[in-house]
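# Observations on the model geometry
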Amino acid sequence: MLTTRSVPDGDKVAYWNDSVNRMLGPMTVIPRGSGPFDAQIVTDRLGYLQVSTMEADAKRVSRAPAPTAPSSEALVAFGVQLSGTATFVQDGRRAEVGEGDLVVCDRSRPYSFDYPQRFTTHIFQLPQHVLGVSTSDIRHATGHAISTRDGFGAALLPFLATLATSTDACPPTVADRLAGNVVDLFATLLAERALPGTPDTDTARCHLVSRIREHISRNLSDPELSPESIARTHRISIRYLHRLFEGEGITVGRYIQKRRLEECGRELARRSGTAPTVSAVAQRWGFVNPAHFSRAFRAAYGVSPREWHTLRTAGNDARRSMADTPMPSSTVG
């Protein structure tokens, strides 16, 4: 913990500036008012996640325009306002932040926070690259106050509040796993903010599910298609991907298999000059193991792939034969 309470009044602002710069990066801190300035900041680490709790008197914090050094790693900060209020400005947007609100700050670009009275806030910082989201998605979320009173934010707030006060009790293996969970949650938040319209509406979710379904259909032949690759392509967490498909009544993995089996069934039912082998059809639609394909096919259709091919092509031939047979003429009289 770093605190100004044991520092002489004349040195408190300089001490605080130095402390904040070391923990949160280069910025300017200007106290509001002419009275004594009191502040403290507690910082701990959870794997690659830095967790800080800041409590201070009224002040203004800003980062002036300055290029990030090539060796510096881009960091993203997520702040939760515990008490007091703030005005947050970044990317030309201004947000009034109240108690319980969450903000996203890209530390590589200019920003400012104005705190008109004493406040407390949790700050979670992590490297941008571990989020797995684009810079444009992050920029879409900055300069806004995100409510944690409903929707996804309501589930996120208690978890973050508990985490911020218990990081020192976590052994390293647990800390790394928790950091990964936090990253998934933050990436989900950013992905939702990047969707058209209001993030938590059914329309936005349906739009994303539709895009994912189309992506799966286009890539069924790729044996590497998986929930992990789909989440990576759409810049969302795997947890959020599974949550989206909960409303579809089927898991992502089962949906991929169902679509592959449908395409295999269609191809095996077509009659052609050279009948395709079962293994060739299976491989063409992303099944690597022929035995697994046969078991999955029988479970879905009640017959083996070879039996399906025989039955369907025989049925097609019979229908064609009936269609080619001329109808008997009738005499009226």
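Residues numbered from 1 in each chain as written. Predicted model: local features only at pLDDT ≥ 70, side-chain atom pairs only at ≥ 80, totals over all residues. Heavy atoms only, no water.

## Focus on the overall build of the chain
The condition is simple: Secondary structure elements are defined from DSSP: runs of H or I of at least 4 residues count as helices, runs of E of at least 2 residues count as strands, and each element is numbered from the N terminus. The buried label applies to any residue whose accessible area, calculated with a 1.4 Å probe on protein chains only, is under 20% of its type's maximum; exposed applies above 50%, and partly exposed to all values in between. Any two residues whose heavy atoms approach within 4.5 Å at even a single point are treated as in contact. For accessible areas, the Shrake-Rupley method is used with a probe of radius 1.4 Å. Any residue's cover is judged against the shown protein chains and nothing else.
Counting secondary structure elements, the chain contains 11 helices and 11 strands. When the 333 residues of the chain are sorted by exposure, 45% land in the buried category. Pairs at least 24 residues apart make up 69% of the contacts formed inside the chain by residues separated by at least 6 positions. With an accessible surface of roughly 17200 Å², the chain has 54% of that area assigned to carbon and sulfur atoms.

## Quick word on the packing of aromatic side chains
Condition: By convention, a stacked pair of Phe, Tyr or Trp rings (six-membered ring in the case of Trp) has centres within 6.5 Å and planes under 30 degrees apart, an edge-to-face pair has planes over 60 apart, and any other such pair is tilted.
In total, this model carries 12 aromatic pairs according to the counting rule given. Aromatic side chains Phe 297 and Trp 308 sit 5.8 Å apart centroid to centroid with 75 degrees between the ring planes, which places their arrangement in the edge-to-face category. Of this pair, Phe 297 sits in helix H10 (residues 290–301) while Trp 308 sits in helix H11 (residues 305–324); the two residues are 11 residues apart in sequence, bridging distant segments of the chain. Exposure remark for Phe 297: the relative accessible area of 0% places this residue in the buried category. For Trp 308, a relative accessible area of 15% puts it in the buried group.

## As for unusual backbone geometry
The backbone of Asp 91 sits at a positive phi, close to 55 degrees, despite the residue not being glycine. Looking at where Asp 91 falls in the secondary structure, it is placed in the loop between strand S7 (86–90) and strand S8 (93–97).

## Here we look at helix H8 (residues 252–269)
The cut-off we apply is this: Residue count minus one, scaled by 1.5 Å, sets the expected span of a helix.
Its 18 residues give H8 an end-to-end C-alpha distance of 26 Å, which sits within 8% of 26 Å, the value for a rise of 1.5 Å per residue. Looking only at H8, the buried set comprises Val 252, Tyr 255, Ile 256, Arg 259, Arg 260, Leu 261, Glu 263, Cys 264, Gly 265, Glu 267, Leu 268 and Ala 269.

## Structural notes on the pairing of strand S4 (residues 49–56)
The condition is simple: When DSSP finds two or more bridges between a pair of strands, those strands are recorded as paired.
By the criterion of burial, S4 is predominantly enclosed, with 6 of the 8 residues buried. Two elements, strand S3 (residues 39–46) and S4, share 8 bridges in a ladder whose sense is antiparallel. Its bridge partner being in S4, Thr 43 is matched across the sheet by Ser 52. In textbook terms, the turn of a hairpin is the stretch between consecutive antiparallel strands, and for S3 and S4 this stretch comprises 2 residues, one of which, Gly 47, has a positive phi near 60 degrees. Summarising the sheet, S4 and strand S11 (residues 119–127) pair through 7 bridges and their orientation is antiparallel.

## Description of the side chain of Asp 114
For clarity, the cut-off: We define a polar contact as two N or O atoms separated by no more than 3.5 Å, with the added condition that, inside protein, one atom must be a possible hydrogen donor and the other a possible acceptor, whereas residues neighbouring each other in sequence contribute only through side-chain atom pairs.
Take Asp 114: it is sitting in strand S10 (residues 111–115). Using a relative accessible area of 19% as the deciding quantity, one classes Asp 114 as buried. Polar side-chain contacts of Asp 114 include one of 3.3 Å to the side chain of Arg 60. Setting aside anything within four residues of it in sequence, one finds Asp 114 in contact with Arg 32, Lys 59, Arg 60, Thr 85, Ala 86 and Thr 87.

## Describing the nonpolar core
Spelled out, the test is: Residues belong to a common nonpolar core when they are buried Ala, Val, Leu, Ile, Met, Phe, Trp, Tyr or Cys residues joined through side-chain atoms within 4.5 Å.
Counting 29 residues, the largest nonpolar core has Leu 49, Phe 78, Leu 102, Phe 124, Leu 131 and Phe 186 as its most contacted members. Breaking this core down by element, the ones donating at least two residues are S4, strand S6 (75–83), strand S9 (102–106), S11, helix H2 (135–141), helix H3 (151–164) and helix H4 (172–194). For this core, the element with the most residues is H4, which contributes 10 residues. Residue contacts for Phe 78: discarding those within four places in its chain leaves Leu 102, Val 103, Val 104, His 122, Ile 123, Phe 124, Leu 126, Leu 131, Phe 186, Leu 189 and Leu 190. If you look at the next biggest cluster of nonpolar residues, it comprises 21 residues, including Ala 39, Ala 56, Ala 77 and Val 97.

## Some points on the pattern of salt bridges
Under the convention used in this document: Salt bridges are defined as contacts in which a side-chain nitrogen from Lys or Arg sits within 4 Å of a carboxyl oxygen from Asp or Glu.
Evaluation of the coordinates by the stated rule reveals 14 salt bridges. The salt bridge partner of Arg 109 is Asp 91, with a shortest N-O separation of 2.5 Å. In this pair, Arg 109 sits in the loop between S9 and S10 while Asp 91 sits in the loop between S7 and S8, placing the two residues 18 residues apart along the sequence. A relative accessible area of 26% places Asp 91 in the partly exposed class. The partner of Arg 259 in a salt bridge is Glu 262, with the nearest N and O atoms 3.0 Å apart. Here Glu 262 and Arg 259 lie together in helix H8, a separation of 3 residues that amounts to about one turn. The exposure class of Glu 262 is partly exposed, given its relative accessible area of 22%. Residues participating in the shared-partner salt-bridge network are Lys 258, Arg 259, Glu 262, Glu 263 and Arg 266.

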